[in-house]
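Structural features, examined
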Amino acid sequence: MTFFTNGALMLTPEERARLVARGITIIDTPVVEVVGAGRSVEALRLSDNAIFPLDGLFISPTTRLATPFAEQLGCAIEAGPLGPVISTDSFKATTVPGLYAAGDAARAMHNISLAVADGVIAGAMMHRSLVF
Ligand SMILES: Cc1cc2nc3c(=O)[nH]c(=O)nc-3n(C[C@H](O)[C@H](O)[C@H](O)COP(=O)(O)OP(=O)(O)OC[C@H]3O[C@@H](n4cnc5c(N)ncnc54)[C@H](O)[C@@H]3O)c2cc1C
């Protein structure tokens with residue numbers, strides 16, 4: 001297993017030592033291209049032009065909101081660990097009264113179960129606010 005920091009993640013000496021102790025190679029040279037025919041992932045090309053073949057790739061991408069709707073409607077947007085998310089309270093209410101947001105757009109952790117649960121909460125609270 002190889003860990004590419006992409007020259008962007010600064011590991012502490014302790015973190016490096018722990019990874020190396022587990023047999024993980026650390027490469028700090030920036031990655032400039034994912035190489036492969038069509039949609040396949042066959043190798044990484046590094047900034048020094050070295051080609052690094054691989055069987056699989058796990059990445060930690062940054063995210064962005066798919067549309068500007070929430071911002072246009074006046075919702076507060078907050079910085080999540082991987083990108084911006086619509087600010088909501090624990091009942092999925094945004095900062096705009098009567099407007100709820102659920103799923104990836106409104107939580108830092110992206111997961112189907114959590115997105116579905118958010119939808120249930122938002123739906124229940126919207127229904128409640130209509131009834132009461
Ligand atoms: C590669 C990958 C693998 C994943 N693997 C897992 C996994 O194994 N387990 C897990 O729990 N989660 C996984 N996830 C995360 C999971 O897919 C999401 O957390 C979940 O789909 C979020 O649901 P959502 O309804 O919030 O958003 P989405 O599923 O993204 O739905 C948003 C919908 O809105 C539509 N849309 C966007 N803009 C507009 C517009 N302007 N007008 C109309 N429609 C629009 C989009 O087309 C999309 O259909 C994975 C995600 C990815 C990308």
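Residues numbered from 1 in each chain as written. Predicted model: local features only at pLDDT ≥ 70, side-chain atom pairs only at ≥ 80, totals over all residues.

**As for the overall build of the chain**
Put simply, the test is: For the purposes of this entry, the term helix denotes a DSSP run of H or I that reaches at least four residues, the term strand denotes a run of E that reaches at least two, and both are numbered from the N terminus. Throughout, radius of gyration means the C-alpha value; the globule benchmark is 2.2 Å times the number of residues raised to the power 0.38. Exposed residues have 12 or fewer other C-beta atoms within 10 Å of their own C-beta, buried residues have 20 or more, and partly exposed residues fall in between, where C-beta atoms are placed from the backbone. A pair of residues counts as a contact when their C-beta atoms, built from backbone coordinates, are separated by no more than 7 Å.
Per the secondary structure count, the chain includes three helices and seven strands. From first element to last, N terminus to C terminus, the chain shows the α and β order β-α-β-β-β-β-α-β-β-α. Here the C-alpha radius of gyration of the chain, 21 Å, is well above what a compact globule of 132 residues would show, namely 14 Å. Over its C-alpha atoms, taken along the principal directions, the chain stretches across nearly 65 × 40 × 25 Å. The buried share among the 132 residues of the chain stands at 13%. Long-range contacts, defined here as pairs at least 24 residues apart, represent 19% of the contacts in the chain between residues at least 6 apart.

**Digging into the domain arrangement of the chain**
What counts is decided by this rule: An automatic or database domain assignment supplies the residue ranges for each domain.
Segmenting the chain into domains produces domain 1 (2-53) and domain 2 (69-131). Placing the centre of domain 1 and that of domain 2 at their C-alpha centroids yields a distance of 35 Å.

**Overview of the site of the ligand**
Under the convention used in this document: Using a C-beta atom placed from the backbone for every residue, we mark a residue as near a molecule or strand if that atom lies within 6 Å of it. Polar here means any residue other than Ala, Val, Leu, Ile, Met, Phe, Trp, Tyr, Cys and Pro, which are nonpolar, and Asp, Glu, Lys and Arg, which are charged; Gly is therefore polar.
Within the structure, the ligand sits among Ala66, Thr67, Gly103, Asp104, His110, Asn111, Ile112, Ser113 and Ala115. Partitioned by chemical class, the residues of the shell around the ligand number three nonpolar, five polar and one charged.

**Observations regarding the environment of Thr5**
Here Thr5 shows up in the loop between β1 (2-4) and α1 (13-21). Considered as a pair, Thr5 and Glu78 are 73 residues apart in the sequence and their alpha carbons are 26 Å apart. What Thr5 contacts, discounting residues up to four positions off in sequence, is Leu11, Ile26 and Asp28.

**Brief notes about the sheet that holds strand β5 (residues 51-53)**
The cut-off we apply is this: The rule for pairing is simple: two strands pair if DSSP sees at least two bridges between them. Angles shown run from 0 to 180 degrees and are taken between the N-to-C directions of axes, each axis being a line fitted to C-alpha atoms and, for helices, limited to the stretch in contact.
As summarised here, the arrangement of the three strands in space is β3-β4-β5, forming an open sheet in which the pairing is antiparallel. Here the strands that pair on one side only, and so sit at the sheet edges, are β3 (31-35) and β5. When strand polarity is set aside, the average angle formed by the axes of neighbouring strands in this sheet is 25°.

**Topic: unusual backbone geometry**
One non-glycine residue with positive phi stands out, namely Asn6, at about 65°. When you line up the elements, Asn6 lands in the loop between β1 and α1. A positive phi angle, near 70°, is found at Lys92, a position not held by glycine. Tracing the backbone through its elements, the reader meets Lys92 in the loop between β7 (84-86) and α3 (112-131). Lys92 sits in the buried class, given 24 other C-beta atoms within 10 Å.

**Re the pairing of strand β4 (residues 43-46)**
Across four bridges, β3 lies against β4 in antiparallel orientation. Its bridge partner being in β4, Val35 is matched across the sheet by Ala43. The pairing of β4 with β5 spans three bridges and is antiparallel. Paired with Ala43 across the bridge in β5 is Pro53. Here β4 folds back onto β5, and the loop between the two strands holds four residues, one of which, Asn49, carries a positive phi near 75°.

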